[in-house]
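# Observations on chain architecture
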Amino acid sequence: MIKSSELILNPDGSVYHLNLVPHQIANDIIFVGDQNRVEKITKSFDSIEFSQQKREFKTQTGIFKGKRITVMSTGIGPDNIDIVLNELDALVNIDLLTRLPKEKLTSLNIIRIGTSGSLQANIPCNSFVLSKFGLGLDNMLRSYLIDEVSNTEIEEAFVKHTNWDLRKGKPYVISCSKKLEKIIESDKMHKGITATAGGFYGPQGRVLRLNIQDEALNSKMDNFEFDENKITNLEMETAAIYGLGKLLGHECLSLNAIIANRATGTFSDDPYKAVDELIAYTLAKLAL
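I will try to describe carefully the structure that is included in this document.

### A few points about a negative patch on the surface
Taken together, the side chains of Glu153, Glu225, Asp227 and Glu228 make up a negatively charged region of the molecular surface. With respect to the helices and strands, the residue glutamate 153 is situated in helix α3 (residues 152-162).

Written out as structure tokens, the structure reads:
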């Protein structure tokens, strides 16, 4: 039995942070970072059966062209992903009454729709990126036993190429769901490695008033390549989603609308349109 201090439930029996009970989520789930983006997706639904919000975690479940889908905001960063993935898994794979893992486990389909900045000049603003790999620079996933799901070859190549300071923790690399990749991919999608940072400023090479440990890191990331896979973009969730998803047995895929290109110094002339187009694209693929 899982102790109350480890699996924390609210008085109504819902999981602690998400404030959800099992029947309120679908097997197909879309993640967004911003809670205000949830309704940008569900406004296209035929119907909404459930809506809930606690802190930054907003959840709506409804029907889109006959398919039941849950849309959920995760907030920002790998630490929030740790909360969301573990509590979602508890909803489907732990009996919340007995506090025992279920004998028959459920695999969720999870697609993240986000925004990001491209690191490559040939991935312009308003384009879409599908993350074949998540490269975690955040160190959160190292709290788990990840050797069986991580790609040590890419990890070692990246550490060597960037002369990575291991005092920051060793980067980890996790692949996307091949099943979901086949459903979503098309010639509209750029593919590559998405780097996941543990913060927005220093961890992504931004300097305001504080100097950073490696001022050249972004340029070294720009020209890293492994088996024709380059680092396409830099954000704060993908690698954590891929890692926890793989460990827990869920199918996960991360998509990003590119609203900035850090290689060319440009920004989208209409970032909201780019996000709306990625939402429409993803929903259409899921409804097939």
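### Some thoughts on the pairing of strand β1 (residues 28-32)
Burial within β1 is extensive, with five of its five residues counted as buried. Residues Asp28, Ile30 and Val32 point to one face of β1 and Ile29 and Phe31 to the other, with burial holding for every one of them. Direction of pairing for β1 relative to strand β4 (residues 67-73): parallel, over a ladder of five bridges. Pairing of valine 32 across the sheet is with serine 73, part of β4. In the sheet, β1 pairs with strand β7 (residues 109-118) via four bridges, with the strands oriented parallel. Looking across to β7, one finds that phenylalanine 31 is bridged to arginine 112.

### Remarks on a nonpolar patch on the surface
Taken together, the side chains of Phe200, Tyr201 and Leu208 present a nonpolar region at the surface, about 340 Å² in accessible area. By the element assignment, leucine 208 lies in the loop between β10 (189-196) and α5 (217-222).

### Description of the pairing of strand β12 (residues 229-235)
Burial analysis of β12 places six of its seven residues in the buried class, which makes it a mostly covered element. As paired strands, β7 and β12 are joined by two bridges and run antiparallel to one another. When the sheet's bridge partners are listed, glycine 117 is paired in β12 with leucine 234. Alignment of β10 against β12, held across four bridges, turns out to be parallel. The partner of threonine 194 across the bridge, within β12, is asparagine 233. In this structure, strand β11 (residues 225-226) lies alongside β12, joined through two bridges in antiparallel fashion. When the bridges of β12 are listed, phenylalanine 226 appears paired with asparagine 229.

### Observations regarding helix α7 (residues 271-286)
In a regular helix each residue adds 1.5 Å, so 16 residues correspond to 22 Å; α7 covers 23 Å between its end C-alpha atoms and thus fits that length. When we look at burial in α7, the residues that qualify are Pro271, Ala274, Val275, Leu278, Ile279, Tyr281, Thr282, Leu283 and Leu286.

### Some details on the nonpolar core
With 59 residues, the main nonpolar core has Ile30, Phe31, Ile41, Leu88 and Leu253 as its most contacted residues. With residues up to four places along the chain from it excluded, the contact list for isoleucine 30 reads Ile41, Ile69, Thr70, Val71, Met72, Ile111, Ile113, Leu283 and Leu286. Core analysis: the second largest hydrophobic core is formed by 18 residues, Phe158, Leu217, Met221 and Ile231 among them.

### So, the pattern of salt bridges
By the definition in use, this model includes 14 salt bridges. A salt bridge links lysine 220 to aspartate 214; its shortest N-O distance comes to 2.7 Å. Aspartate 214 sits in the buried class, given a relative accessible area of 18%. Shared partners join several salt bridges into a network, and the residues in it are Lys132, Lys178, Glu181, Glu185 and Lys191.

### A look at α3
Of all the positions in α3, only Ile154, Glu155, Phe158, Val159 and Thr162 are classed as buried. Seen end-on, α3 carries its buried residues on one side only, within an arc spanning 135 degrees. Turned more than 90 degrees away from the buried face of α3, the exposed residues are Glu153 and Lys160. Buried residues along α3 sit in contact with β8 (128-136), β9 (172-175), β10, α5, β11 and β12. Looking one or two residues past α3, asparagine 163 carries a phi angle of roughly 50 degrees, positive in sign.

### Looking at the packing of aromatic side chains
On inspection of all chains with the given rule, the structure shows five aromatic pairs. Ring geometry for phenylalanine 158 against phenylalanine 224: centres 5.5 Å apart, planes inclined by 90 degrees, an arrangement best described as edge-to-face. Highlighted residues: phenylalanine 158 in helix α3 and phenylalanine 224 in the loop between α5 and β11, separated in sequence by 66 residues. Note on accessibility: phenylalanine 158 and phenylalanine 224 belong to one class, buried. Directly above the aromatic system of tyrosine 16 lies the positively charged group of lysine 54, at a separation of 4.4 Å from the ring centroid. Geometry around phenylalanine 200 places arginine 206 over its ring, the cationic atom sitting 3.9 Å from the centre.

The rules behind the values
Each chain carries its own residue numbering, running from 1 in the direction its sequence is written. pLDDT decides what is reported in this predicted model: residues at 70 or higher carry local features, side-chain atom pairs at 80 or more are listed and counted, and totals for whole chains, interfaces and linings draw on all residues regardless. With hydrogens and water excluded, all non-hydrogen atoms of the structure serve as input to the side-chain values. A patch consists of residues whose relative accessible area exceeds 30% and which take part in no salt bridge; residues with like charges are grouped when within 9 Å of each other, and nonpolar side chains (Val, Leu, Ile, Met, Phe, Trp, Tyr) when within 5 Å. Residue-level accessible areas treat just the shown protein chains as cover; the underlying method is Shrake-Rupley with a 1.4 Å probe. Salt bridges are defined as contacts in which a side-chain nitrogen from Lys or Arg sits within 4 Å of a carboxyl oxygen from Asp or Glu. When charges are counted, neither His nor the chain ends are considered; positive counts come from Lys and Arg and negative counts from Asp and Glu. Lysine's charge is taken at NZ, arginine's at CZ, aspartate's at CG and glutamate's at CD. Note on conventions: DSSP H or I runs of at least 4 residues are helices, E runs of at least 2 residues are strands, and numbering of each starts at the N terminus. Classification of residues uses two cut-offs on accessible area relative to the type maximum, computed with a 1.4 Å probe and protein chains only: under 20% is buried, over 50% is exposed, and between them is partly exposed. Pairs of strands are assigned from DSSP output, requiring at least two bridges between the strands. Expected helix span is given by 1.5 Å per residue-to-residue step, counting one fewer step than there are residues. Grouping buried Ala, Val, Leu, Ile, Met, Phe, Trp, Tyr and Cys residues that are joined through side-chain atoms within 4.5 Å yields what is termed a nonpolar core. Two residues qualify as a contact provided that any one of their heavy atoms is within 4.5 Å of a heavy atom in the partner residue. Working note: the arc is built from the helix axis to C-beta atom directions. For Phe, Tyr and Trp, where Trp contributes only its six-membered ring, two rings pair if their centres lie within 6.5 Å, and the inter-plane angle classes them as stacked under 30 degrees, edge-to-face over 60, or tilted in between. Whether a charge sits over a ring depends on NZ of Lys or CZ of Arg being within 6 Å of the ring centre and within 35 degrees of the ring normal.

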